[in-house]
Structures are given as structure tokens and as C-alpha cells.
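# Descriptive analysis of the structure
Chain by chain, the residues:
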Protein chains: 4
Amino acid sequence: MPQGETFYRAVSQVLFISQAYALLPVSNIRSVDVNKIRFNWRSPRVIYSATIFLLNLCEFGAVLNYVSSVGVTFHTSSSLALYIVCLLEHLFFWRLAFNWHSIMRHWHRVEQLFLSVPYRFYGEYNMKRRINIVVGLVMSSALVEHCLLLANSFHLSNLERTQCNINVSYLESIYKWERPHLYKVLPYHVWLLPLLEWVNETIAYPRSFTDCFLMCIGIGLAARFHQLHRRIAAVHRKVMPAVFWTEVRQHYLALKRLVRLLDSAVAPLILLAFGNNMSFICFQLFNTFKNIGVDLIVMVAFWYSLIFAIIRTTLTIFITSSINDFEQKIITDLRDVPSKAWTPEVQRFSEQLGNDMTALSGNGFFYVTRQLILSMTTTIITYELMISDVINQATIRQKTVYC
Amino acid sequence: MPQGETFYRAVSQVLFISQAYALLPVSNIRSVDVNKIRFNWRSPRVIYSATIFLLNLCEFGAVLNYVSSVGVTFHTSSSLALYIVCLLEHLFFWRLAFNWHSIMRHWHRVEQLFLSVPYRFYGEYNMKRRINIVVGLVMSSALVEHCLLLANSFHLSNLERTQCNINVSYLESIYKWERPHLYKVLPYHVWLLPLLEWVNETIAYPRSFTDCFLMCIGIGLAARFHQLHRRIAAVHRKVMPAVFWTEVRQHYLALKRLVRLLDSAVAPLILLAFGNNMSFICFQLFNTFKNIGVDLIVMVAFWYSLIFAIIRTTLTIFITSSINDFEQKIITDLRDVPSKAWTPEVQRFSEQLGNDMTALSGNGFFYVTRQLILSMTTTIITYELMISDVINQATIRQKTVYC
Amino acid sequence: MPQGETFYRAVSQVLFISQAYALLPVSNIRSVDVNKIRFNWRSPRVIYSATIFLLNLCEFGAVLNYVSSVGVTFHTSSSLALYIVCLLEHLFFWRLAFNWHSIMRHWHRVEQLFLSVPYRFYGEYNMKRRINIVVGLVMSSALVEHCLLLANSFHLSNLERTQCNINVSYLESIYKWERPHLYKVLPYHVWLLPLLEWVNETIAYPRSFTDCFLMCIGIGLAARFHQLHRRIAAVHRKVMPAVFWTEVRQHYLALKRLVRLLDSAVAPLILLAFGNNMSFICFQLFNTFKNIGVDLIVMVAFWYSLIFAIIRTTLTIFITSSINDFEQKIITDLRDVPSKAWTPEVQRFSEQLGNDMTALSGNGFFYVTRQLILSMTTTIITYELMISDVINQATIRQKTVYC
Amino acid sequence: MPQGETFYRAVSQVLFISQAYALLPVSNIRSVDVNKIRFNWRSPRVIYSATIFLLNLCEFGAVLNYVSSVGVTFHTSSSLALYIVCLLEHLFFWRLAFNWHSIMRHWHRVEQLFLSVPYRFYGEYNMKRRINIVVGLVMSSALVEHCLLLANSFHLSNLERTQCNINVSYLESIYKWERPHLYKVLPYHVWLLPLLEWVNETIAYPRSFTDCFLMCIGIGLAARFHQLHRRIAAVHRKVMPAVFWTEVRQHYLALKRLVRLLDSAVAPLILLAFGNNMSFICFQLFNTFKNIGVDLIVMVAFWYSLIFAIIRTTLTIFITSSINDFEQKIITDLRDVPSKAWTPEVQRFSEQLGNDMTALSGNGFFYVTRQLILSMTTTIITYELMISDVINQATIRQKTVYC
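In this convention, every chain numbers its residues from 1, walking through the sequence in written order. Here every chain gets a letter starting at A, and every ligand a number starting at 1, in the order they are written. Local features in this predicted model are restricted to residues whose pLDDT is 70 or higher, and side-chain atom pairs enter the listing and the counts only when it is 80 or higher, whereas totals over whole chains, interfaces and linings include all residues. Hydrogens are left out, water is left out, and the side-chain values use all remaining heavy atoms of the structure.

An unreviewed UniProt entry lists chain A under the name Gustatory receptor, with Drosophila mojavensis given as the organism. UniProt positions are given in the numbering used here, feature names are shortened, and annotations may be inferred rather than shown by experiment. For the record of chain A, the UniProt heading Function (unreviewed entry) holds the text "Plays a role in the sugar gustatory response." Quoted verbatim from the Subcellular location (unreviewed entry) field of the UniProt record, the comment on chain A reads "Cell membrane".

### Topic: the side chain of D336 of chain D
Relative to the helices and strands, D336 of chain D is located in the loop between α12 (322-335) and α13 (344-355). Polar contact is the term for a pair of N or O atoms within 3.5 Å; when the atoms are in protein, one must be able to donate a hydrogen and the other to accept it, and sequence-neighboring residues count only if both atoms are side-chain atoms. At 2.8 Å, the side chain of D336 of chain D forms a polar contact with the side chain of H236 of chain D. Going along the chain from the N terminus, every DSSP run of H or I of four or more residues is numbered as a helix, and every run of E of two or more is numbered as a strand.

### Remarks on the state of the cysteines
The disulfide criterion used throughout: a pair of cysteine sulfur atoms within 2.5 Å. In total, this model carries zero disulfides over all chains according to the counting rule given. C86 of chain C takes part in no disulfide bond, and the closest cysteine sulfur to it belongs to C212 of chain C, at a distance of 14 Å. Relative accessibility thresholds used throughout: buried, under 20% of the residue-type maximum; exposed, over 50%; partly exposed, between the two (1.4 Å probe, protein chains only). Under the relative-accessibility criterion, C86 of chain C is labelled buried at 2%. The structure places no disulfide on C282 of chain D, whose sulfur is separated from the nearest cysteine sulfur, that of C282 of chain A, by 18 Å. By relative accessible area, C282 of chain D is classed as buried at 10%.

### Overview of the interface of chain C and chain D
Working rule for contacts: check all heavy atoms of both residues, and any pair within 4.5 Å makes them a contact. The partner chain D presents 23 residues to the 21 residues of chain C that form the contact. A simple way to read buried area is as the amount of 1.4 Å-probe accessible surface that goes missing from two parts once joined, with both sides added. Counting the surface lost from both chain C and chain D, the interface buries some 1,900 Å², and carbon and sulfur atoms represent 49% of this. By definition, a salt bridge exists where a carboxyl oxygen of Asp or Glu is found within 4 Å of a side-chain nitrogen of Lys or Arg. If you look at where chain C meets chain D, you find two salt bridges. For the salt bridge of R257 of chain C with D336 of chain D, the shortest nitrogen-to-oxygen distance reads 3.1 Å. The interface formed by chain C and chain D includes ten residue pairs in polar contact (both at pLDDT 80 or more). Those elements that place two or more of their residues in the side of chain C that touches chain D are α10 (242-289), α13 (344-355) and α14 (371-388) of chain C. Examining the composition of the side of chain C that touches chain D, we find that six residues originate from one element, α13 of chain C, more than from any other.

### Notes on the side chain of S173 of chain C
All names here are of chain C. Looking at the secondary structure, you find S173 in helix α7 (residues 170-178). S173 gets classed as buried once you look at its relative accessible area, which sits at 4%. Contact partners of S173, with chain neighbours within four places excluded, come to S157, R161 and V168.

### Looking at the confidence of the model for chain A
Residues and elements named next belong to chain A. Note on scores: pLDDT gives the predictor's confidence for each residue, bounded by 0 and 100. With 93% of its residues at a pLDDT of 70 or more, chain A shows a mean pLDDT of 86. Within the model, pLDDT remains below 50 along residues 392-402, and this stretch shows 19 contacts once partners closer than five positions in the same chain are excluded. Two summary scores accompany this predicted model of the complex, namely pTM at 0.88 and ipTM at 0.83.

### Section: a nonpolar patch on the surface
All names here are of chain A. What makes a patch is a set of residues exposed beyond 30% relative accessible area and free of salt bridges, joined within 9 Å when like-charged and within 5 Å when nonpolar (Val, Leu, Ile, Met, Phe, Trp, Tyr). A 1.4 Å probe and the Shrake-Rupley method give the accessible areas. Residues count as covered only by the protein chains that appear here. Taken together, F154, Y170, L171 and V190 make up a surface patch of nonpolar side chains, about 330 Å² in accessible area. Mapping L171 onto the fold places it in helix α7 (residues 170-178). Accessibility expressed as a relative area gives 37% for L171, which makes it partly exposed.

### Description of the relation of the copies chain C and chain D
What sets the superposition is a least-squares fit of C-alpha atoms, and only residues with pLDDT of at least 70 in both copies go into it. Taken as rigid bodies, chain C and chain D are interconverted by a rotation of 90° and an axial shift of 0.0 Å, the fit giving an RMSD of 0.0 Å. Look at the turn and shift together and you get a four-fold axis relating the two. The C-alpha atom lying nearest the rotation axis in chain C is that of M386 of chain C; the distance is 4.5 Å. Residue by residue, only 19% of the interface of chain C is reproduced at the interface of chain D, so the copies engage with different surfaces.

### So, the interface of chain C and chain B
Accessible area lost during the coming together of the parts is what is often quoted as the interface size. Each partner contributes to the interface: chain C provides 23 residues, whereas chain B provides 21 residues. Summing both sides of the interface, chain C and chain B together bury roughly 1,900 Å²; the carbon and sulfur share of this comes to 49%. It is R335, R370 and L385 of chain C in chain C that bury the most area against chain B; as a group they hold 29% of the surface buried on that side. Connecting chain C to chain B are two salt bridges.

### Brief notes about α7 of chain A
Residues of α7 of chain A that are buried: E172, S173, I174 and Y175 of chain A. Among the structural elements, α6 (127-164), α8 (180-183) and α9 (192-234) of chain A are those in contact with the buried residues of α7 of chain A.

### Quick word on the packing of α12 of chain D against α13 of chain D
Residue and element names in this part refer to chain D. Relative to each other, α12 and α13 sit at 145°, their axes nearing to 10 Å. In this structure, α12 meets α13 at a crossing whose hand is left-handed. Between α12, through E327, I330, I331, L334 and R335, and α13, the contact on the second element is made entirely by V346, F349, S350, L353 and G354. Classification used: nonpolar for Ala, Val, Leu, Ile, Met, Phe, Trp, Tyr, Cys and Pro, charged for Asp, Glu, Lys and Arg, polar for all others including Gly. Residue composition of the contact of α12 with α13, by class: six nonpolar, two polar and two charged. The convention used is that axes are lines fitted to C-alpha atoms, helices contributing only their stretch in contact, and that angles between N-to-C directions extend from 0 to 180 degrees. Handedness of a crossing is defined here by the sense of rotation of the near helix relative to the far one, left-handed for an anticlockwise turn of less than a right angle and right-handed for a clockwise turn.

### Re the UniProt feature "transmembrane region" (unreviewed entry) in chain A
All names here are of chain A. Within this numbering scheme, the UniProt entry marks residues 6-26, 46-68, 80-98, 131-151, 203-223, 265-286 and 292-311 as carrying the feature "transmembrane region" (unreviewed entry). Along residues 80-98 one finds 100% helix and 0% strand; the C-alpha atoms at either end are 28 Å apart. A distance of 30 Å separates the end C-alpha atoms of residues 131-151, which is 100% helix and 0% strand.

### Looking at the packing of helix α2 (residues 12-20) of chain D against helix α9 (residues 192-234) of chain D
Residues and elements named next belong to chain D. In contact at an axis separation of 9 Å, α2 and α9 are set at 160° when each is read in the N-to-C sense. Our classification of the angle between α2 and α9 gives roughly antiparallel. Every pair of crossing elements has a handedness; the one defined by α2 and α9 is left-handed. Residues V14, L15, I17, S18 and A20 of α2 pack against W198, Y205, F209, F213 and C216 of α9. Here is the rule for angles: anything less than 35 degrees is roughly parallel, anything more than 145 is roughly antiparallel, 65 through 115 is roughly perpendicular, and the remaining ranges are oblique.

### Things to note about helix α12 (residues 322-335) of chain B
Residue and element names in this part refer to chain B. If you check α12, its first and last C-alpha atoms are 20 Å apart, about what 14 residues at 1.5 Å a residue would give, namely 20 Å. With ten of its 14 residues buried, α12 lies for the most part within the structure. Inspection of α12 places S322, I323, N324, F326, E327, I330, I331, D333, L334 and R335 among the buried residues, and these make up the whole buried set. Working rule for helices: expected span equals 1.5 Å times residues minus one.

### Topic: the pattern of salt bridges
Applying the stated criterion across every chain, the model contains 36 salt bridges over all chains. Note that R249 of chain A and E345 of chain A form a salt bridge whose closest N and O atoms lie 2.8 Å from each other. Note that R249 of chain A is positioned in helix α10 (residues 242-288) and E345 of chain A in helix α13 (residues 344-355), a separation of 96 residues in sequence. The two residues R249 of chain A and E345 of chain A agree in class, both being buried. With a closest N to O distance of 3.0 Å, E247 of chain B and R231 of chain B form a salt bridge. On the criterion of sequence distance, the pair formed by E247 of chain B in helix α10 (residues 242-289) and R231 of chain B in helix α9 (residues 192-234) is long-range, its members being 16 residues apart.

### Thoughts on the relation of the copies chain C and chain B
At an RMSD of 0.0 Å, chain C and chain B line up after a rotation of 90° and a shift of 0.0 Å along the axis. Here only 17% of the interface residues in chain C have copies in chain B that are interface residues too; the copies meet through unlike faces.

### Digging into unusual backbone geometry
We note that A22 of chain A has phi near 70°; this positive angle belongs to a residue other than glycine. Mapped onto the secondary structure, A22 of chain A falls in the loop between α2 (12-20) and α3 (44-70). Overall, A22 of chain A belongs to the buried group, its relative accessible area being 2%. If you check the backbone angles, L24 of chain D has positive phi at about 50° while not being a glycine. Inspection of the secondary structure assignment puts L24 of chain D in the loop between α2 and α3 (44-70).

### Some details on the environment of N132 of chain B
Residues and elements named next belong to chain B. Here N132 lies in helix α6 (residues 127-164). Here N132 falls in the partly exposed class, since its relative accessible area comes to 31%. For N132 and Q13, which are 119 residues apart along the polypeptide, the C-alpha to C-alpha distance reads 8.6 Å. In this structure, N132 is in contact with A10, Q13 and V14, ignoring residues within four places of it in sequence.

### Quick notes on the packing of aromatic side chains
Pairing of aromatic rings covers Phe, Tyr and Trp, the last counted by its six-membered ring, and requires centre-to-centre distances within 6.5 Å; plane angles under 30 degrees mean stacked, over 60 mean edge-to-face, and any other angle means tilted. Evaluation of the coordinates by the stated rule reveals 97 aromatic pairs over all chains. A centroid spacing of 6.3 Å and a plane angle of 65° characterise the contact between Y125 of chain C and F326 of chain C, whose relative ring orientation is edge-to-face. Of this pair, Y125 of chain C sits in helix α5 (residues 122-125) while F326 of chain C sits in helix α12 (residues 322-335); the two residues are 201 residues apart in sequence, bridging distant segments of the chain. Both residues of the pair, Y125 of chain C and F326 of chain C, belong to the buried class. Ring centres of W41 of chain D and W94 of chain D lie 6.4 Å apart, and the angle between their planes is 20°; on these two criteria the pair is classed as stacked. In this pair, W41 of chain D sits in the loop between α2 and α3 while W94 of chain D sits in helix α4 (residues 74-114), placing the two residues 53 residues apart along the sequence.

Written out as C-alpha cells, the structure is:
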């Protein structure tokens, strides 16, 4: 049995790396034996993750304190939203961590069906490679985005320092620029910078990683639907015994149960990820109407992060909706079953496929299918046009003055 | 037979309390025998309710008179709308009162099916406790809201009195502030205040109680769908005789008939409640853009009432849509019926479940399902963005001058 | 056989009256024998209708000429739209007149099925009385609207005459006010007034009559669906022979064919009527934001025509969607057919009812069901909110100056 | 076998002409033998098309260079969009050219089924004549549009020359007006004009031709659905053997497979064509609010191109959605199959028709059915109303000053 093709093995490396960012602190996540995966309150990973989470909470408290003194403006409210979203994502991953072992065990049991003789198409889909490529691409793009934003900060804080003749060192000016909410509470020390940068990264990481995680789950499920589709396609137009269709339908039902289990497990992540992506894109598009600034690095960072968000969201929808695409293909195959082999069993299968929707759904609020791209686009354009009224006035680009 | 688990018993206390506010004046509502519930034109409750309704009408007349003299402004039109909605709610509860005994008798007959041997899961759902908890929470929150609004009035009327040096007593200034439409018609007397406050409460009460009432009905129906679902889940993957499915389907049809009966009985309440909630949330969100005032108590009252309205509406949708959720679960269970037991009876049941929509619906205009939350949110955001154009100008918070 | 209960007899009076307004010039429309109904190019009705249509065209030409000299303004474009809509309605009624005899003959053949023994419920629905009541109510309200608009014109033209000291007689001033496009082309004569008023009425009449006509057709079809529903309801929960269901389904198919025939015949009228009603309501609601004028008669005429349009549109949707409501009831009845009587025939009937939509549809663009009211309301509110931006400025009501 | 009635023959002339504009460079496209159609990298057509595509790319480079020097304005961004759309259309036609021979061979194989004995209704539909009429009408209208735009350019460039006393010849002024992006790079020569005009036409041609191409495919597919519908209609209400329905369903499945193949082949063209048409109509409607200019020729060119775009888009939807219309008719016919002949085969056919959607779909994003017209109209009106806010100010038409 090809170990690389079970989901918990295929995704183990990705999750192991994400544990470095304090997400999903489950013990033995790289174990070969699925039964060793467990959540242990006293494991070092949990302690590490809890520490990071507490640090994040502290920083959030500092931000709250800062906002209440400065007042709620457009800028502070957007950074508040960022903190809230990331803390919620941390929370939802904790919630997932508690159930991860039982989810993986259930998934593993379902996968046993698809790793036995009649299914031999795992090589074709190559789940593990797909997961690694997608996560690698998205997370390295996210790294580039993060570096651009940092460079942006370095540049702007330096500009402020030199233009306003503030008598602080280069590094201190960065500290002040990046963390105005901590500057008054926590006096500057050189050794604070790497620590805070690390905390910052554990806050920034989940924003892109949540999408990646959904894509991994999409790929893991699609691999099985792909196998089912290939098995049915292999007997295209042949007369098969009823027992074949009974078995296929049983496996399909097992997959449906798995999809439902995962849907209820990751529903908060789906709702948060899509809501956040959509509002981020709306917000950044809205900023394009405004004065962005003429500095090259500011422009590049802005446009990179906007285009990255659009591509990442589209990719997430495409990959997670592939479950639905495979189901459509199975329906098409069933139309070609010869009349002789059209037993009540096949009819029941066909009716179920026609009536039920198989897709991740955020607990039934909306279904992640290909049409979602169109309706998200329409909604974003509509909101953009509405908001654009507000800001007809100031469109002349000018050099921002920093003091 | 556990008496507490019949709907008319479970809901009797809630309705008894609401009768104090002149709603649903049905005799013997707390009777153990469902046949004793009746509407009697000469019962004291009817006379009391009619008196209150007449007083409300009189006050509405005074408001109309006041508005026609002052002119239709933003403020007067919103208080006009409040009176109209509450009078309509009183009217619709009267309409319901006439039919209450026949509805309860029909419901009771249907409940007999679910209180006999094969169903034993009433303990699990615990209808009565759920009703009491939900109504208790919502109505006590509504009480807090009412007190906040009163405190708000006391505070503002006192401010006006002191700032403008009006030579009236503290209580008279409250009277004048709260009931400007009565101040000229009805001279001030101390003993008027409690009476008018009571009338005021019978006007304010139905606004929150209508949502509660819909939740009670949702819980009452969901209890039965829950039992049906549990009975089917108990024989999961077992081969059951056709007569079992026939009986289950008969019971399901009886429930559907009950849902239809209730849907047509409470349709005006549903349309009014959802329309009112939605316009209230839109209106209050719109006010957030405007100058609310800097007084703490005004702020607290405003935000409390907005957040309470949002939570109450969401809760109403979640609870009344649980009927639909149970139906989805039954469909899922039917997919696992073994091939041997897949008789025409089961197929017919499955097809009916797949094609018909079971949910309260406001007479077929819209269905109260979970998706309603998403579409209401989208509509509210859209309207908010549109309206926001109108009020870009005045956003500076200033202390209101009262004279 | 009750002659009053065939559609062509029930509607004959209504159509006879509308022929006076040059609509549907079909010969022998009041004939007892459906075969005598025919379109005859040389009949006096056709000649009369053609004359009126030519006069309307001439007036439209005068309007076009006037608009091109005055320029396209908000006011002239709206009166242009009115003329175009009414001319199109005349045209579509001509188109219908050519096919009226074949439609009526087809309808009569279908009706024979429902006037024989097993159906005895025509007395209950009372098609003829419903048609007469509905048309009577709507058209007399339309008459009141027309009189109000006339009184409005009389009043305003007189105001202009007296305020500006124009030296023309009272009647001539009306002529000039009402028909500015004719005033320069056609010199004033007293005997012109009644003739032009008559032409004017043949232009105004179809606007309300198209809705009435659609309601008549809705009532005529609903009467048959009502009978079918009652026949099925009469055998509720009884085991009926397969031949019963075969016959019922045959009759249902005949009704569906009739609905399709009528849908394609009146599709242009449906599209025009709904489009016109919706844009008229949008336009008038938009005017409420603007300066309407403080004259009582102007106010009354304005609000009456707005409220009348809303009620008329809602009524049209309610009545024409009753076909769909009866179908829903038939589906519900079929759910209660006992298991023993659940033959393939009933199942086929049930599936067809579940999958196909039975409603007038404007050639498949949208279906006239109850939900249409909700979606029209939402669209109107949305458009209204958008337009309202344009006119925040001028809301002070002022006395219009006429010269 | 009527050669004119196979799709590859019927469409050959149209494609041959379009090859002159460097689209779809497939060899032997007018060949009688479908197997001779092939894509050959060394054929003169490919070399010609590649040359034209390179020239287009060069011109696009010049435009990019020009825009970057002038700055992104409303006008330059719209002409950028035009170039991008047309280059993409060229690209998508290249992509189609690679697969054209295999698509045509598959189509030809499917067509063999419909050119044999039981189907004899090809004369009725007359695919070739329809294609020629539709393409002739649309492309000649497009030619008129192109000439109007050219005349417009001649007129405006001449106005500029005379008003501003620029000392250049008439032709050079046209060159400068039409191609400001080339004027600085490429000095004026007389012989450049026809060459550039030809390049210009190869850029303008695909904009209208893509719609035509989709209509051709729609007609080609509809011809077959028409035949299938006629074959089923011919046995209306007759009892047919099961083998008849099996054969009909096989043919229907073959058609479905063809529709899917074409849908995936032309999906990018569909998405691009509808997106482009919709944004063009929105953009031009938006321009109607603005100052268009008072010159007659400018007005005529503007309105002609707007109305042409609306009609062309509507026509495209109507024709490509006719596949769906025929399917609806087949469903209706199946309802009338007598009870005796209602075999599982017919039921399966009926269920498939009821559940699956047969229409071109742009890869599943949206379905091209009749309802699309309504939803496009609503979206366009909504966007228009939103945009209209932006431009309430400047509505006075004024003579444009050119220097």
C-alpha cells in the first residue's frame, strides 16, 4: 500500500511546518501510524503554541489600548480587523487540533477502501505532489509578500526618520513605525526585534495558510473522487453486475460521509477565510481609487498583495470545487450505462448524484463550487461601484508628508 | 404520557405571561386538557385585551394628530412606523387567538403519534426547557433594552429641563419628553405616568415577543422532526419491513400538514417580524454613520438595541430553520438504506423529501432556512452602502443642544 | 352545460366593452357559439379600430415633432414612453385579434373536458362573477384616476391662464395645456375637444386594461386548475383505479398545453405590462422625493395614481399566480395517495408536477409566481435607493410658477 | 447525403473568409472530405496569420509605450482594453485551430447519425442558409460600424487640422489622429496607410466575428436538436417499441457529448465575448450621460455602435440558447407518451432531460439560456444607475475644442 498516498501522510510535512507557526499542535503528526496522532495537553508543541497564542493576545491587547487612545480611524480599524481575524484563525485551528486525531482516523478508514485492488489510479492523481506544489507555491508567494511589506516598512520608517530629523537609530525607527502600539508600553531593546518579528509572523502566517489548508483538504478529497470516477469510467458502456454498482455506491456514501465530517470540522475556517479574502480584496480595490503614494516600493507591495489575494482566492475555489467537478463527471458517465444494466441500484445512485450537492459548504451557508467565482466577482464589482461614489474627490497622487 | 412534552403545555406559561401584555387572549390557556382552550368573547381576558388595544389605538390617534401638526420628519415617521407595526402585531395575535383552540387541537392530535411507543426521544430534545430558556433569555434582554431606553429618556428630558430652564417638575418633563403627542391633549397628572407606562409597555412588548413566539413554534415543530429523525437513525443500515417505512412516511406527512397549518396561521407575523427586524437593523446601522451623541447612556442604549436586534433575528432564523436541518439529516439517513430494503415506499419517501421544501415560509414568499441569514446580510450590506452615500457630510460628533 | 362557465362567454362582456376602445376587434365576440368568433378585415369593428389606431399614430407623430422642436427633457421623454407603450399595446392586441378565434376554439375544446360529469365544482369558483368583479373594480378605479388627472389638467391650465393673463378662453387653455404638441399644428375648435378626449381615452385605456386582461386569463385558467384540484381532493386518501389517474393526468396535460398556448399568445403583453408597471412605480416613487407641488388636487392625483399602480400590479401577480398555487395543492394531495394506489401512472404525474413549472411566463423570461412580488419589491427598493442619490438637493416644496 | 447539411461544409465559407483576417489558420477548411482538414505549421495560412499576429503584437507594444508616456487616462485605458481583448481573441482562435480537425471529425461522426434514414428534417432547418444569413447580416453591420468609425476619424482629424492650422497633409493628419502611438515611432509614409488599415481591420474583425462564430456553433448544434425533436414529435402520442427510445436516447447522449466537447473548446471565447459585450454596453451607456459632441457624424457613429452591440449580444444569446429551447420541447413531448409505452427507458430519458442542463456554458460558469438576457439587463441597469452618480455634473453638450 503506497503510504505516500494516504492523506495524513501526504499532508504531514505541510502541517509539521505550520506547527512551527504554532498552528495545529498535534503530537506525532509525521507518524507512519495514524493511531499515534493525538492531542496531548502536556506535549511541548501545545506549550509552545499556547505561549505564542498568549503573546499574540498580549499584542492584541496593546493594539486595543493604542486604538482606544488614538481613536478609531480607517487605518486603525483595518489593523484591528487583521488581528481579530488572525486570532480567530488560531482559535479555530486549536478547535481542529482537539479533533484532528479522530478526523484522521476516520479519513484513514475511508481511504482503506480506495487503496485496495479495484482502485489503481492513485499514481495518476498524485495527491502528495499536488499538495506540496500548491502549498509551496502559495506559501513562498506569501513569503515574498511578507518581505515586500517589511521592506516597505523599513523604507517608510527610514523616510520618516530622515525627513523629520528624529533622533533615533535606524532599528528603533523601524520598531516605532511597525509597532506604535508597543512603543510606549515596551521600551526599545535590540533583542526585542527578532522576538517581535517572530510573533508578527505567527500572526501573518495563518492568513495565507488557511487557504492552503483548505486546498490540501480539497486535494485530499478530490483524489478519492477522482479514483471513483476513474473506476466508473473504466467500465464505460459495459454491462456490470448489480453488485458492482452496490459497491461503488457504498464507497460513494462513505466519501459523502467524509465530506460532511470535514465540512463541519472546517466550516468556521471556510467562513472566515472567504469572508476575509472578499473583504480584503474589496478594501484594497477601494484603495486603488485613493492616493497610494508614488514610491515604487509602496506601489509594488500594494499591487503584489492585491493580485496575490485575488489569485489565491480563485485558486482556493478552483481546487476545493474540484470535488464537485468529479461528481459532475460521474453523473455524465452514469447516463451512458446501457439499458440492460439499468437496475434500481444504478437509478438510485443516479438520483442521489442528481439531487444532492457534494461540496464544502461552510456549514450549509454557501457551496464552494465553480459558480462561486462568478457570484463573488459580481458582488465585489457591485460593492466597489457603490463605494467608489464616496471617493470621487481626491485622486491626485501626491508625495505623502511624514511629519 | 409526559404532559410537559406536549406543545400546548410547554408553551402555556409563556403565553400566559404574554396575556398580561394583552396578546392572545385565549381562555384556559394553562389548562391540562387541550379541549378546554377556547376563545370566548365575554371572558375577562378578552375584555382586558380589548381595552388595552383601544388605549393603544387612542395613543396612535394622538400621534397621528401630533405628526400632522408638526409635519412628517425623519424622526416622526420612524415613530409612526413603530406604532403601526405594533398595532398590526396586536391585530395578528387577535386573528391567531380566534383559531388558537383549533390549531392546538390539531397539533395535539399530531403529537399523539409521537408520544406513543416507537418514539422515546422526547427527553433528549426537552422542548419545554428549550422554550423557557430561549424566551427567558430574549425577553429579559428585551427588558434590559426597555430600561436602557427609559433611562435614556429620563436623562435626556432632565438635560433639556436643566439646560433650557424649563419650569416643570422632573416627572412632568419626562412626560413631556416621552409623550409630546399627549402633552397638549392630556394635561399632566402624576397618576397618569404609571398608566401610560403600562400602555407603552403593551406597545413595546410585541416587538420582541413576536420573534420569541416564532422561536417557540420552531422549537415545538423541531421536537417532532427530531424524534422522526432519531427513529430513522435508530434503524440505520438495517433492513426494515415496508410497513415501517409506510408508518414513518404517514407520520412525516402528518408533520408536513401541521407545518402548513402553522405556516398559514403565522404567515402575517413572519412577514411583519422579518420585515420589521430587517428595516430596523438597516435604519440603526444607517444611524451609526450619523451623529449619535456623546452621552454614554445614549451610546449604550443605541448599540445595545442594535446588537440585540441582530442577535435576536439571527437566533430566530437559526431556531425556526432547524426543522429544515432535521429534514436534511433524514434525507442523508435514507441514502444509507440497504439495497434490499429499497422498496417503492422508501423511494417515494426519498423523492418527496428531496423535492419538497419543509420550512416556515411566510405564505410562500420566502423560506426560513439557514441560507436566509446570508441573503439578509448581503441585502443589508448593499442597502447600507447605498444609503451611506447620502450622509458623507456630517460625521463630526457634537453635543446636541436641546433648546 | 352552464354557458356562463365557459371562458369565452364569461369574458365576452369585458371584451365587448374594450372593443369600444378599439382593442381586440374580433367579430361576434358575444356570440353563444364559439365557432362564430372570427377576425374579419371588412367588419365595422376592424374599420373603427383601424381608424382609431391611425389617429393615435397621427397624435404620436405630432408628439414626436413637438419633442424634436422642444428637445428631449425628463418630462417629454416620459410622455414619449407613455405613447410608445400604448401604441405597442394596441399593436399586440391586434396581433392577438388575428388568432383570437383559434385560441378560443382550442380553449373551448379543453373546457369541454371540465364541463362533463366528474367535475362539478364550477359553481364554487364562479369564473364569470370573479372576472366581472375584478375588471369592474380595476377599471372603475382607472376611471377615477383618469378623472383626477383631467381635473388636475383643468386646474393647472386655469391657474396658468389666470396667473399669466393669457387671453384665451377656458376651454382653449385646457386644449393648449393638454395637447401642446397639437396646439401649433391644429388650430383650436370647440368640437375638437370631445374628439381628442376620445382619442386620448383610447390611448389611456390599454394601460390598465392590459393588466385586467391578464387577470381575466389567469382567472379563466385557474378555474380549471381549481376543478382538477377539487376532483383529486375529493378522492383524498382513497385507493383509486389506475384509469382514474390516467384520465386526470390527460386532463392536466391538456391544461398545460392550453397554458403554453396562451403564454406564447400573450407573452408580449406580459413583458410590456410588467415592464411598464415596474418602471412607472419606480418613476413615481422617484418623483416623491422631488417637488410635487402643494396644490391639493395635484397631490391627490399623484398619490392615487401611484397607489393604484402598486395595488393593480400586486393584484395581477396574485391572480395570475393562482394557477401555480393550485398546482402546489395538487402536489400536496398526491403525497397522500395510499401506498397501494401508488402506480407508475401516479408516480409519473407526481414527477411531472414536481419538475415542471406551470405559470404564465412571458415566453420563458420569468415566471409569474408569488415570489415575483418579493423580487420586484427588492428590485424597486434597490433602484429607488440608487436614484435617490441624484436628488438629495432639492426637497423643499414650493409653489410652481407657471409663466 | 446532402453535403451542405454537414456543419463543417455549412460553416466552411464563413471560416474561409475569416482566415483572410488571420483567424483559425486551418488547412483545407473548404475541403469536401472532413479528414483533409488539418493544422499544418508550415502552411502559408499559418505563416500569414503568424505575421499578422506579430504585427498586432508590435502595434500593441507601441500602444503600451505611448500609454506609459502619456499616462493612464479614461481614454487610453479603454483603447488598451480593446487591444488586449482582440489579442486574446486571436490567441483563443489559434488554440482552437490546433484542435479544429479533431473537433470537426467528432462532429462529423455524430452528424452521420442524423443524416441517415429516420431523420429527414434537415431541409426544414436549413443550417447552411441560416449560418450565411446571420453571418452576412452581422458582419455587414459590423462593416458599416467600421466605416462610420473611420469616417468619424477622418472628420475629426480634419477638424483638428483646419481648426488648429497644423501644417500637415490631409492623410498625414488622419495617420496622426488614428495612430498617435505610432506617429512618433514610425514616420509618415503614404504607403503605410493601407498596410496599417489592414492591420487595424484584423484587430477590429474578431470583436464582431467571435459573436458570429458562437452563433454558427449554436445553429450547427440546434440543427441536430431540431431533428431529434422532430423525430420525437412525429411519434407524438403513439406507442413506440422500447428500442425506438433506446436509439433516440443514444443519439441524444451523442449530442450531449458533442455539446460538452464544444463547450470546453469555445469556453474562453464565450467568457471573453460576453464579458466584452457587457462591459462595452455598460461603458457606452455610461458615455451617453456625458458630453458626446454635437457633430452629426460623431452622434451617428456612437449610437450605431451602441445599438449594434445590444442587438448583436441579444441575437447571440437567442441563437445559442435555442439548443435549450429544443430540449424543453422534447421534455414536453415526453409528457405525452402514452402510459403503455412508459418504459424504464423513457423514464430514464425523461429524468435525464429534466435534471441536466443542455447549453453552452463557458466551462460551467453560467449557462447561455434565454434567462441570461434578463439577468444581463438587470445587471447592466444596476451598474448604470450606480455609475450615473459619478457624472451628475457635466451634462451640457458643448462643441469640443481640438487644440
